[in-house]
Amino acid sequence: MDDRVEELYSYIQSRCLWQFFPREWDRRANIEGILEKAIELLTEGECQVSETLLDRYFYVEAKALVIDVKSRFPWLNELNKAEKRAIMEEVKKKLMEVMVVKSLNPELRLSGY
Amino acid sequence: MPFVLFRCDEVIPEREKHCYVKSPGEDIVTYLPAANIATIPGTLTERGCAYCGAKLVIGGAIKDCIQMIHGPVGCAYNTWHTKRYLSDNNDFQLKHVCSTDMKESHIVFGGMDRLKKSIKEAFAAYPEIKRMIVYITCATALIGDDIDAIAREVEEELGDVDIFCVKCPGFAGVSQSKGHHEFNMEWMRDKVGECEPEIWSPYTVNIIGEYNIQGDGFIMENYMKRMGIQVIGHFTGNGSYDLLRGMHRAKLNVVICARSAGYIANELKRRYGIPRLDIDPWGFDYIAEGLRKIGTFFGIEDRAEKLIAEETAKWRPKLDWYKERLAGKKICIWTGGPRLWHWVKAFEDELGMRVVAMSCKFGHPDDFEKAISRGREGTIYIDDGNELEFFEVIEKVKPDIIYTGPRVGDLVKKLHIPYLDGHGEHNGPYMGFEGFVHMARDMYNAIYSKLWQLAKEDIRRKDNGR
Ligand code: SF4
């Protein structure tokens, strides 16, 4: 499982701009919001989208990510729902750790934009 | 490998923390070059001043307002006519710039009267233009000229004009990046929300951080039009002063240059709840992804797919021809900041090239987070590179081509290495499907040009130096 988490994490890190938003709170919101929806899409095939524009944005990024990783990592399609969720939760944890908790970027914690 | 100290930097060892080579197993929590900090005295920086970032990059691209530089004429001259941002207003913004032409006596006795006279003269000289941006510069900031007070006086006297004041003198920050920041924040504070744009589509966006270099923005606007999407504020390429005052009415912010204009997108999100969607518009794969996301946001995926199919059919064969000839070539990207991470994967994945060194002038730590995450192991990453470092990098990586600005470009040309203008986009536009083919064509023409052989010949010698 570790290798697969690493594979997905590395791909997301080199591809997705949403994880690099400038401040800690943006990064947390994007990683949480987008990966939550991606997990739902991967496991249920659909996800809840509220009326707000921001929620719609999370859905847009999640949908693009899911289509992309399903085609790049065919092994993902062979996992059951619980396995998919477990792997994606680990990916989320790793992203949060690298992009927020252990980030060496001193501007992440500035108080404004 | 940790940070590296170049031979030329032995006398300024502080440079070490700005230069990094990525080794196996390292990532952005192992090493991250220092960035967006003051240039070390002794290093020959390629950076520009903070005022330059506000005027040359952001404000200067707006097509329908007068640019008034309150300072010595050099500040205006240095930021005039050196950018290739086009507009559909007969390129007014490229051709014209005004200066208060401050001299020593004005510095001694104050420049506010002179500013007022200049503003009125400029409005009289361009009677069809009713909008103006006034920039303060080092000298006028130091003597404390109150440009806002003068602007409000003139607005009241003339009645039908609107003036935006940018208070970001050259010394306000460590590089042009500070000017981008100030312009964004001041525009948001003073101007956004002042105008109500006419809405003709249920699908509305702002295009943010796109400066219509060589017509890049025309390509993006064309894509939006074909999908039935209305662009309200184009911040700021081919941008209209009044439409940019109506940016709060868009449903989505499509961000391209996150470095120079991410700030306004963040503020629009914070204040108006408009989401920020960052896209990479260079490379087929990336632009297709960006268009798909915009299509999904508005529930018009079919339109995005149609556009992508049409463009791919038209341009893919051409790109493939260049790809065959560019695969394996080594390239350096030494530009401002974001082009490092925007371009690296597109060059590597879509053209088969190898990006061996990346350097930025005014990047922040998040630009390096992105560049290092996307870049390969063994690649050299430099913040605020100086020209002696560039010589050492060239010696080490022996690139086939370098994307950089004219300053460094002229140096590398003398070493007989092909250079392309990474800011002005040579024979661009470079964005979108069509643009990426132009980019590949420029690289092909540069690398395979016979000129490089001819340039090596010394015509003073009988055997031409062979
Ligand atoms: S550093 Fe100051 S004086 Fe020089 S161009 Fe910039 S604003 Fe003008």
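Residues numbered from 1 in each chain as written. Chains lettered and ligands numbered in written order. Predicted model: local features only at pLDDT ≥ 70, side-chain atom pairs only at ≥ 80, totals over all residues. Heavy atoms only, no water.

## Focus: the overall build of chain B
As a reminder, the rule being used: In DSSP terms, a helix is any run of H or I states spanning at least four residues, a strand is any run of E spanning at least two, and both are numbered starting from the N terminus. Based on C-alpha atoms, the radius of gyration is set beside the globule rule, defined as 2.2 Å times the residue count to the power 0.38. When accessible area is computed with a 1.4 Å probe and restricted to protein chains, residues below 20% of their type maximum are described as buried, those above 50% as exposed, and intermediate ones as partly exposed.
When you go through chain B residue by residue, the secondary structure sums to 19 helices and 14 strands. Taking 23 Å as the expected radius of gyration for a compact globule of 466 residues, we find that chain B reaches 23 Å, a close match to that expectation. Across its three principal directions, the C-alpha atoms of chain B cover 70 × 60 × 50 Å. When burial is assessed residue by residue, chain B has 61% of its 466 residues classed as buried.

## Things to note about the sheet that holds strand β12 (residues 380-383) of chain B
All names here are of chain B. For the record, the criterion: Being paired, for any two strands, means DSSP has found at least two bridges between them. Where helices are involved, their axes are fitted lines through C-alpha atoms of the stretch in contact, as for all axes, and angles between N-to-C directions lie from 0 to 180°.
Strand order in the open sheet formed by 6 strands is β1-β12-β11-β10-β13-β14, with mixed pairing between adjacent strands. Of all strands in the sheet, those with a lone pairing partner are β1 (19-21) and β14 (419-421), marking the two edges. On average, each strand axis in the sheet is inclined to that of its neighbour by 15°, with strand direction left out of account. Direction of pairing for strand β13 (residues 401-404) relative to β14: parallel, over a ladder of 3 bridges. Counterpart to Thr404 in the pairing with β14 is Asp421.

## So, the interface of chain B and chain A
Spelled out, the test is: Two residues qualify as a contact provided that any one of their heavy atoms is within 4.5 Å of a heavy atom in the partner residue. The term buried area means the drop in 1.4 Å probe accessible area that two parts suffer when joined, counted for both and summed. Note on definitions: salt bridges are taken to be side-chain nitrogens of Lys or Arg within 4 Å of carboxyl oxygens of Asp or Glu. Counting of polar contacts relies on pairs of N or O atoms within 3.5 Å, with two restrictions inside protein: one atom must be capable of donating a hydrogen and the other of accepting it, and residues adjacent in sequence are counted only when both atoms are side-chain atoms. Following the grouping adopted for this structure description, the nonpolar residues are Ala, Val, Leu, Ile, Met, Phe, Trp, Tyr, Cys and Pro, the charged ones are Asp, Glu, Lys and Arg, and the polar ones are all others, Gly among them.
Taken together, the contact pairs 39 residues of chain B with 30 residues of chain A. Buried surface at the junction of chain B and chain A, summed over both partners, amounts to about 3100 Å²; 58% is from carbon and sulfur atoms. Remark: the boundary between chain B and chain A carries 7 salt bridges. Inspection of the region where chain B meets chain A yields 15 residue pairs in polar contact (both at pLDDT 80 or more). Among the residues making up the side of chain B that touches chain A, the classes are represented as 13 nonpolar, 9 polar and 17 charged.

## Topic: the pairing of strand β2 (residues 66-70) of chain B
All names here are of chain B. Of all 5 residues making up β2, 5 are buried, and the element is well covered by its neighbours. What you see with β2 is no split at all: Ile66, Met68 and His70 on one side and Gln67 and Ile69 on the other are buried throughout. As defined by bridge partners, β2 adjoins strand β3 (residues 98-99) across 2 bridges and the pair is classed as parallel. The residue of β3 that forms the bridge with Ile69 is Ser99.

## Points about helix α12 (residues 284-298) of chain B
All names here are of chain B. Applicable threshold: Given the number of residues in a helix, its expected span is that number minus one, multiplied by 1.5 Å.
The terminal C-alpha atoms of α12, which comprises 15 residues, lie 22 Å apart, in line with the 21 Å expected from a rise of 1.5 Å per residue. Of all 15 residues making up α12, 13 are buried, and the element is well covered by its neighbours. Looking one or two residues past α12, Gly299 carries a phi angle of roughly 70°, positive in sign.

## Let's talk about the domain arrangement of chain B
Residues and elements named next belong to chain B. This is how the line gets drawn: For the domain bounds, the source is a domain assignment made automatically or taken from a database.
Structurally, chain B comprises domain 1 (50-173) and domain 2 (204-305). Taking the mean C-alpha position of each, domain 1 and domain 2 sit 28 Å from one another. Listed as interface residues are 19 residues of domain 1 and, on the opposing side, 17 residues of domain 2. Across the domain 1 to domain 2 interface the summed buried area is about 1400 Å²; carbon plus sulfur atoms make up 54%. Three residues, Ile58, Arg84 and Leu86, lead the burial of domain 1 against domain 2; their summed loss comes to 35% of the area buried on that side. Where domain 1 touches domain 2, the interface holds 2 salt bridges. Among the ionic pairs, Asp162 bridges to Arg245, the shortest N-O distance being 3.0 Å.

## With respect to the sheet that holds strand β9 (residues 276-278) of chain B
Residues and elements named next belong to chain B. Read across the sheet, 4 strands follow the order β7-β6-β8-β9 without closing on themselves; strand pairing throughout is parallel. Unpaired on one side and paired on the other, β7 (230-236) and β9 mark the two borders of the sheet. Put simply, the sheet's adjacent strands are angled 25° from each other on average, direction ignored. In the sheet, strand β8 (residues 252-255) pairs with β9 via 3 bridges, with the strands oriented parallel. Directly across from Asn253, in β9, lies its bridge partner Arg276.

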